[in-house]
Amino acid sequence: MNDSIIFRPIGVIRSEHLVPRETPIQPVYAKACRGRVELLPEFADGLHDLDGFSHIYLIYHFDRAEAPKLRVKPFLQDTERGVFSTRAPCRPNAIGLSVVELLSRESNVLHIAGADILDGTPLLDIKPFTAKFDGITPTRNGWQDEVDEATARHRGKRGFRGGRSE
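Note that this is a predicted model, so its numbers are computed, not measured. (Residues numbered from 1 in each chain as written. Predicted model: local features only at pLDDT ≥ 70, side-chain atom pairs only at ≥ 80, totals over all residues. Heavy atoms only, no water.)

Engineer: Would you mind going over the packing of aromatic side chains with me for this structure?
Structural biologist: How two aromatic rings sit relative to each other is given by the distance of their centres and the angle of their planes. Summed over the entire model, instances satisfying the criterion amount to two aromatic pairs. Geometrically, the ring pair formed by Tyr 57 and Phe 129 is tilted, given 5.8 Å between the ring centres and 50° between the ring planes. With Tyr 57 in strand β3 (residues 55–61) and Phe 129 in the loop between β8 (121–128) and α1 (131–134), this pair connects stretches of sequence that are 72 residues apart. The exposure class assigned to Phe 129 is partly exposed, which follows from its relative accessible area of 26%. (Phe/Tyr/Trp six-rings, centres within 6.5 Å; stacked < 30°, edge-to-face > 60°. Helix = DSSP H or I, 4+ residues; strand = E, 2+ residues; numbered from the N terminus. Buried < 20%, exposed > 50% of the residue type's maximum accessible area, 1.4 Å probe, protein only.)

Next comes the structure, spelled out in structure tokens:
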């Protein structure tokens with residue numbers, strides 16, 4: 001097995017989120033949060049045809065995550081869970097994934113909604129979300145089924161104090 005895998009950023013994600021504890025934990029709790037993806041100019045041609053999709057996956061590096069842990073207390077509960085059953089940033093490989101709404105494109109810049117990502121986060125990849133491939137209705141949601149919607153909505157926003165309402 002190869003001991004290392006090297007990725008280089010293809011751009012940077014910009015958002016209003018500067019403090020981790022004040023950043024919503026998932027796009028569903030950040031619907032009103034706008035942001036942009038600034039792709040490096042040499043990758044701009046790869047955005048061709050992307051504006052035909054309403055949502056995209058952003059794959060990024062949690063560059064400010066805490067040291068990796070195998071057991072964590074997720075934001076939605078005070079119960080310790082295995083890190084792979086959560087979306088906590090303190091993972092063995094600090095890779096993040098968000099599905100965001102693609103609002104528009106200007107050259108090498110994508111304007112997005114649902115930005116739950118810290119400003120300045122290195123972008124590793126972009127993939128289109130498509131209902132044909134990704135529109136799966138889960139049959140089991142693990143421990144998250146134990147969290148009622150009101151608790152999830154309250155904890156999911158964490159310390160976010162944005163001026164817009166959702």
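So that's the structure; there's more coming.
Engineer: For this particular structure, what's the right way to read the sheet that holds β8?
Structural biologist: Strands in a sheet are paired, the pairing made by backbone hydrogen bonds, and the direction either parallel or antiparallel. Strands sit in the order β1-β2-β7-β6-β3-β8 around a closed barrel of six strands; the barrel is antiparallel. Taken pair by pair, the neighbouring strands of this sheet meet at an average axis angle of 45°, ignoring direction. Where strand β2 (residues 34–39) lies against strand β7 (residues 109–113), five bridges are found, and the strand directions are antiparallel. Counted as the bridge partner of Arg 36 is His 111 from β7. (Pairing = 2+ DSSP bridges. Axes fitted to C-alpha atoms, helices over the stretch in contact; angles between N-to-C directions.)

Engineer: Got a minute to help me understand the nonpolar core in this structure?
Structural biologist: Generally speaking, soluble globular proteins have nonpolar side chains that are buried together. One finds Ile 56, Leu 58, Leu 110, Leu 123 and Ile 126 to be the most contacted residues of the largest nonpolar core, which totals 19 residues. For this core, the secondary-structure elements that each account for two or more residues are β2, β3, β6 (95–106), β7 and β8. Membership of the second largest hydrophobic core comes to five residues, among which are Ile 25, Tyr 29, Leu 76 and Trp 143. (Core = buried A, V, L, I, M, F, W, Y, C linked by side-chain atoms within 4.5 Å.)

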